[in-house]
Amino acid sequence: LVSREVKPDDSIVRVGDLSIGGAAIHVIAGPCSVESREQIISTAQAVKKAGATMLRGGAFKPRTSPYEFQGLKGDGLALLAEARKETGLLVTTEVKDTATLAAVADHTDILQVGARNMQNFSLLEAVGETRKPVLLKRGISATIKELLMAAEYIVARGNTQVILCERGIRTFENMTRNTLDLNAVPMLKALTHLPVFVDPSHGIGVRKAVPAMMRAAIAAGADGIIVEVHPDPPRAKSDGFQSLDFSEFEKAMGEVRAIAQAM
Ligand code: PEP
Ligand code: MN
């Protein structure tokens, strides 16, 4: 169902009044985790001013260690809804399991399925039963084919509103957090009609290097990017080492716009 052979023209995913996968590039920006009202509202305002069209922020966080910050959960969802109301930005947040799917779906415009859940088939099926747009992230060690098959699980249940996201894969290289596989962008664009996003933050995991990978993602033909932005990255409760501050984000957005216009 997701193959270009079946449907040659690009699919457009409609999120509110935004068309994802069309001519315009979309940028989803915001903190790894929602931490406080002040943090999420100030970030929403800053990223909107810099040109982001959507806000991200994790409430249910799938952390590697059970002793790390797990997110504000329900309170985080409520704060995201406040930021959405305050700024008019549409929001995306991760749905970690089927138990919290209904609550998350009530508070978000896009359901994010995280890398660690790309092959959680019960979750994929449940998300496929909803009619909410989905941002499906590539698994940490998943092939392009496996990503497409995971998308197939969602679309087979009738939810055609799927955006794929390359977010870096695990390789032998350990200077960076992951290896952002930009090969996946033109390959996916050729293989499927679904929109393709890139997450340069998790992809490289090094704050100073994120803007270069934002530019590279757009140059490679991505339909958009999802990037972590925090008011005070060194003090973030998760992923501060890869989060841009407001001025870094604003500068990177200018560069991204210039590349998008040149294409
Ligand atoms: C995130 O977006 O904060 C996240 C946990 O991403 P991933 O699932 O790609 O690791
Ligand atoms: Mn993160």
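Residues numbered from 1 in each chain as written. Chains lettered and ligands numbered in written order. Predicted model: local features only at pLDDT ≥ 70, side-chain atom pairs only at ≥ 80, totals over all residues.

Under an unreviewed UniProt entry, the chain has the name 3-deoxy-7-phosphoheptulonate synthase and belongs to Corallococcus llansteffanensis.

Trainee: What am I meant to see in the site of ligand 1 here?
Mentor: Lining the immediate environment of ligand 1, one finds Cys32, Gly58, Pro62, Gly114, Ala115, Arg116, Lys137, Arg167, Asp199 and His202. Looking at side-chain class alone, the shell around ligand 1 contains three nonpolar, three polar and four charged residues. (Near = placed C-beta within 6 Å. Nonpolar A, V, L, I, M, F, W, Y, C, P; charged D, E, K, R; others polar.)

Trainee: Any chance you could explain the nonpolar core here in plain terms?
Mentor: The nonpolar side chains of soluble globular proteins are, as a tendency, buried together. Counting residues in hydrophobic clusters, the biggest one holds 75 residues, and the most contacted among them are Val134, Leu136, Ala151, Ile163, Leu164 and Phe197. When residues no more than four places from it in sequence are discounted, the contact partners of Ala151 are Val2, Leu136, Val162, Leu164 and Leu194. (Core = buried A, V, L, I, M, F, W, Y, C linked by C-beta atoms within 7 Å. Buried ≥ 20, exposed ≤ 12 C-beta atoms within 10 Å, placed from the backbone. Contact = placed C-beta atoms within 7 Å.)

Trainee: Would you take a moment to explain the sheet that holds strand β4 (residues 54-56) for this structure?
Mentor: Strand pairing in a sheet is mediated by backbone hydrogen bonds. Such pairs are either parallel or antiparallel. Strand order in the closed barrel formed by eight strands is β3-β4-β5-β6-β7-β8-β9-β10, and the pairing between neighbours is parallel. For this sheet the average axis-to-axis angle between neighbouring strands, irrespective of direction, equals 25°. Bridging between strand β7 (residues 134-137) and strand β8 (residues 162-166) involves four bridges; their strand directions are parallel. Bridge pairing in β8 links Lys137 to Cys165. Helix α1 (residues 37-50) rests against β3 (26-30) and β4 of the sheet, and its axis sits at about 155° to β3. Contacting β8 and β9 (196-198), helix α6 (residues 184-191) runs over the sheet at an angle of about 170° to β9. (Pairing = 2+ DSSP bridges. Helix = DSSP H or I, 4+ residues; strand = E, 2+ residues; numbered from the N terminus. Axes fitted to C-alpha atoms, helices over the stretch in contact; angles between N-to-C directions.)

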